[in-house]
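# Working through the structure, step by step
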Amino acid sequence: MALSCMRCPAAGPAAAAVARRGAGLPPPPSSLALSFARYSGRRSTAAAGWRIEAVAGKGVKDPMDTSVENAVTPAAPSKVENGTPSAITLEEFEDLSALSKSDESSVSITVVGASGDLAKKKIFPALFALYYEDCLPKHFSIFGYARSKMTDAELRDMVSKTLTCRIDKRENCSEKMEEFLKRCFYHSGQYDSEEDFAELGKKLKQHEGSKVSNRLFYLSIPPNIFLDVVKCASKSASSVNGWTRVIVEKPFGRDSESSAALTRGLKQYLVEDQIFRIDHYLGKELVENLSVLRFSNLVFEPLWSRQYIRNVQLIFSEDFGTEGRGGYFDSYGIIRDIMQNHLLQILALFAMETPISLEAEDIRNEKVKVLRSMKPLQLEDVVIGQYKGHTKGGTTYPGYTDDKTVPKDSLAPTFAAAALFINNARWDGVPFLMKAGKALHTKRAEIRVQFRHVPGNLYKGCFGTDLDRATNELVIRVQPDEAIYLKINNKIPGLGMRLDRSNLNLHYAARYSKEIPDAYERLLLDAIEGERRLFIRSDELDAAWELFTPLLKELEQKRTAPELYPYGSRGPVGAHYLAAKYNVRWGDLSSEHYKA
Amino acid sequence: MSDEELRNMISMTLTCRIDQRENCSDKMEQFLQRCFYQSGHYNSEEGFSELDRKLTEKEAGKLPNRLFYLSIPPNIFVDVVRSASRTASSPSGWTRFIVEKPFGRDYESSGELTRSLKMYLAEEQIFRIDHYLGKELVENLSVLRFSNLVFQPLWSRDYIRNVQLIFSEDFGTEGRGGYFDNYGIIRDIMQNHLLQILALFAMETPVSLAAEDIRNEKVKVLRSMRRLKLEDVVVGQYKGHTRGGKSFPAYVDDPTVPSGSVTPTFAAAALFIDNARWDGVPFLMKAGKALHTRRAEIRVQFRRVPGNLYRGNVGTDLDMATNELVLRVQPDEAIYLKINNKVPGLGMRLDSSNLNLFYSERYQREIPDAYERLLLDAIEGERRLFIRSDELDAAWAIFTPVLKELEDKRVAPELYPYGSRGPVGAHYLAANYNVRWGDISSDGSF
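All of these numbers come straight from a predicted model, not from anything done at the bench.

Thresholds, definitions, all that
Residues numbered from 1 in each chain as written. Chains lettered and ligands numbered in written order. Predicted model: local features only at pLDDT ≥ 70, side-chain atom pairs only at ≥ 80, totals over all residues. Heavy atoms only, no water. Contact = heavy atoms within 4.5 Å. Buried area = accessible area lost by both parts, 1.4 Å probe. Salt bridge = Lys/Arg side-chain N within 4 Å of Asp/Glu carboxyl O. Polar contact = N/O pair within 3.5 Å; in protein donor to acceptor, adjacent residues only side chain to side chain. Nonpolar A, V, L, I, M, F, W, Y, C, P; charged D, E, K, R; others polar. 1 Å grid on protein atoms, 1.4 Å probe; cavity = no way out; pocket = protein on both sides within 12 Å on 5 of 7 lines; lining within 4 Å. Points joined across faces, edges and corners; volume = space filled by probe spheres on them. Helix = DSSP H or I, 4+ residues; strand = E, 2+ residues; numbered from the N terminus. Domains from an automatic or database assignment. Buried < 20%, exposed > 50% of the residue type's maximum accessible area, 1.4 Å probe, protein only.

### Overview of the interface of chain B and chain A
- Contact residues are listed per partner, giving 69 residues for chain B and 78 residues for chain A.
- Taken together, both faces of the contact between chain B and chain A bury some 6,300 Å²; the carbon and sulfur share is 67%.
- Ranking the residues of chain B by area buried against chain A places Leu149(B), Leu309(B) and Leu346(B) at the top, with a combined share of 14%.
- Counting across the interface, chain B meets chain A through 2 salt bridges.
- A salt bridge links Lys491(A) to Glu136(B); its shortest N-O distance comes to 2.8 Å.
- Here chain B and chain A share 17 residue pairs in polar contact (both at pLDDT 80 or more) between them.
- Of the residues that constitute the side of chain B that touches chain A, the class distribution is 35 nonpolar, 21 polar and 13 charged.

### Focus on the layout of surface pockets
All names here are of chain A.
- Put simply, the second largest pocket is a space of about 1,600 Å³.
- Counting residues per element, the ones that place at least two in the lining of the second largest pocket are helix 6 (117-132), helix 13 (326-351), strand 14 (473-479) and helix 17 (519-529).
- The greatest single-element share of the lining of the second largest pocket, amounting to 7 residues, is contributed by helix 13.
- When its residues are assigned to classes, the lining of the second largest pocket shows 19 nonpolar, 12 polar and 16 charged.
- Mapped onto the domain boundaries, the lining of the second largest pocket takes at least three residues apiece from domain 2 (105-249) and domain 3 (282-589).

### Some remarks on the side chain of Asn297(A)
All names here are of chain A.
- For Asn297, the location among the structural elements is in the loop between helix 12 (285-296) and strand 7 (309-317).
- Looking at Asn297, the relative accessible area reads 0%, which means it is buried.
- From its side chain, Asn297 meets the backbone oxygen of Leu293 in a polar contact 3.1 Å long.

### With respect to the pattern of salt bridges
- For the structure on display, the rule yields 61 salt bridges over all chains.
- Lys369(A) serves as the salt-bridge partner of Glu366(A), at 3.0 Å between the closest nitrogen and oxygen. Of this pair, Glu366(A) and Lys369(A) both sit in helix 14 (residues 360-373), 3 residues apart, roughly one helical turn.
- Residue classification places Glu366(A) among the buried residues on the basis of a relative accessible area of 9%.
- The salt bridge involving Glu473(A) is made with Arg448(A); its shortest N-O contact spans 2.8 Å. With Glu473(A) in strand 14 and Arg448(A) in strand 13 (residues 444-451), the pair connects residues that are 25 residues apart, well separated along the chain. With respect to burial, Glu473(A) and Arg448(A) carry one shared label: buried.
- Overlapping salt bridges bring together Lys491(A), Glu136(B), Glu139(B), Arg373(B), Glu382(B) and Arg384(B) as one network.

This is how it looks when you write it as structure tokens:
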């Protein structure tokens, strides 16, 4: 129990302090349902009491006063109906009804493409971690679905090999694993066969018994068969009395047109609410924390605009190349693979206006507004690169085109830097620089916010001629070693007046000993709970493609040659010239310390 | 005393912070060779003219500059200044006097002292030392404020809810209460050290870092401050306390203290600056002896986030979740900013954690003693960290009425046990202004 994650049913008294994200305001019906759904099963009375308090609003003085009976629910939905006139969708209604007899609802999670790499490395381990931490509903079953023939035992065998990821050191791990594996099943079938999915549906039904059936399909398959699976699954394996949701992974098309076609295809069989487009970067701890930082700290509030921020840098680098698996990558390139989705999503979260609430739709509305305020990317604001072979210390690292799965004359960028602009009142003129690359010298993902220089700086004599080098910088490091730090100028202790740039630090590892959950755990749990905040809505996706499509087309039509950079280097120097054009200096590559 | 005896005496305490360094003993010897002793009465012009002759001899025709450090009781300040300035002033270079507190005990006596000093000295010869201004983090305060854009928009009533200036010692007068009893904690700590820090904290941006520009701004702040009222002050005095078999004496148990003394060994006060930047922001001061900890710090509590999206996560008391900037002057110099962040994990629990800068982690070398800095400044004629006469007047003007009232009414201090957190009255004072002391509230997550 003590190990249970705060969001999940079996929380201890500490959960009194827990309110779930999205629980801030008297929430609209769906969030109410969601938050309550979380407390189904063995619920913590304290936590539930808290929830009621949040729903009831400011009137209740002490959350603990609220009676447990109230907390446990049937009253809650009616409160919502009375409180908010807005229509409750069918699905929300089902959430509510599922909630009122929560012990009688079940969730079936079907991993389509169960034998694939992502399923093995990420999805099953994430599901197990959720199970270990008591985050999954009481009645759940997990189905693998793929073409290959396999028994349940073989699936369990396969799954068990990768289950040990982040919690293998914990107590009871092997017991828990056994219990978990007993709930895992396999069904073999073709991706485009309605019969096979109907067969799956029957099996699911067996496990669900008479309980309300909620079904989640995780499509861990190549994009060209997305539609086949969605068609078959929705037609013949949808839940009859609960919800049916589908998680889709990138790529979501390769440009505006193909993405829109995919969305149209999905919408033939699914409504928007059923589609959960995953961007696993949004599940990263520090990306989640970005909104908390922005909106719960007064000290950042006045700073968050063109008035104080000189530029924003979104940096992603990997220290390895495609390593023999460049087939998929080559047809997409780094801009589609990283920038158009991960980095752009972070940018939108960073730059959006304050949403009305933490509700998924409110946040996604604000994100869409940012994306639609952005200037489509111009060719001259982009630098692309591709890594070449490099020998260092006796080890030879291959070039991108040495990868056997990559065409010899490929021009696919493995590195790109871009300058983007948001034409709205808050951000007009502030360059948002993105940089993403493979086979670089380091593995890192971070957001760097460089502030303007101090107007009329009294200490200008201590800084030398370049005042911009002495500006404040806020760094949010997403990986590795999650950290937040603010670079400030201070005096070097001692006689005399020498200034120094040092960091106000928060290193997660130093402060939080608990492991940080994998992004997939969070996102899977969100999908089960119907929390859509971290999933990408169709109009967001459209807006994101709008920004990048003209540029991507131009690059391909002109067959623009990427600047080559050695494997393991800091990337093409072109990125510096691009930055210089907008008076920016990359924060990750400049020297950290300088003395006046 | 002979020169030799003086050298002997000095050499015993010279080893303080640099004794681990190389050449220390060589350097010490060379240093001691330059130390001399002149015996004489404090009010004797003959004694000082004797000194003058010796000084002239050592100066040997070079441009003579002379610095006198008055490390003597205040009642003989003027005698020494008169004698020294008349008979031992430099004929062609500068002559400067460093004076230590107390600078009087109220507006009138301080004014009197200043007038007397000025009979013999010009303003720029007087270096009133406040060794707190020589502390590393106090020096750094202006750097933080004026060289970091991120603090600039925050530094006003728009964002700051209150400022707390906290000084505590974990020991009492320990048999040396004679001087203290005559002054009390308000004069000993608040009216000078804490008020000086307040002025540096709250002043407008000076035209430059030059001493007169900074002191001009400090005077402006002090003169914008409301006179302190009795109802905005809480006084306390420590009483004996036995803990773990050990007895700690009360203030009045000190043999050098009169047994009926009502001198405060603790005080808390709420001050206000009636200017455009700070109108309505309480500046709370707290200073005390024989408390549970030794500490000096500035705490800046920010307002709550208007329309906080996360208010459901913060609980009912939104003020508990505000940002706080802490500048710890001693011990363990540090700067940290309390921010709200998400506790890693599934779900959304907020936590208040610190963006930290611990000096000892970042800066290996020892931080020089405040006196080193101030002496060097006096030699160099850098007056930034010394208190000008008009600053001193303005400081006394704020505190004198309440000091008089406390004494006239013989206001009894609230007793608090030696080693405790001080009188609870301090909390009620803070509560009056909707403030919660940052040093005593629980720091944990909410």
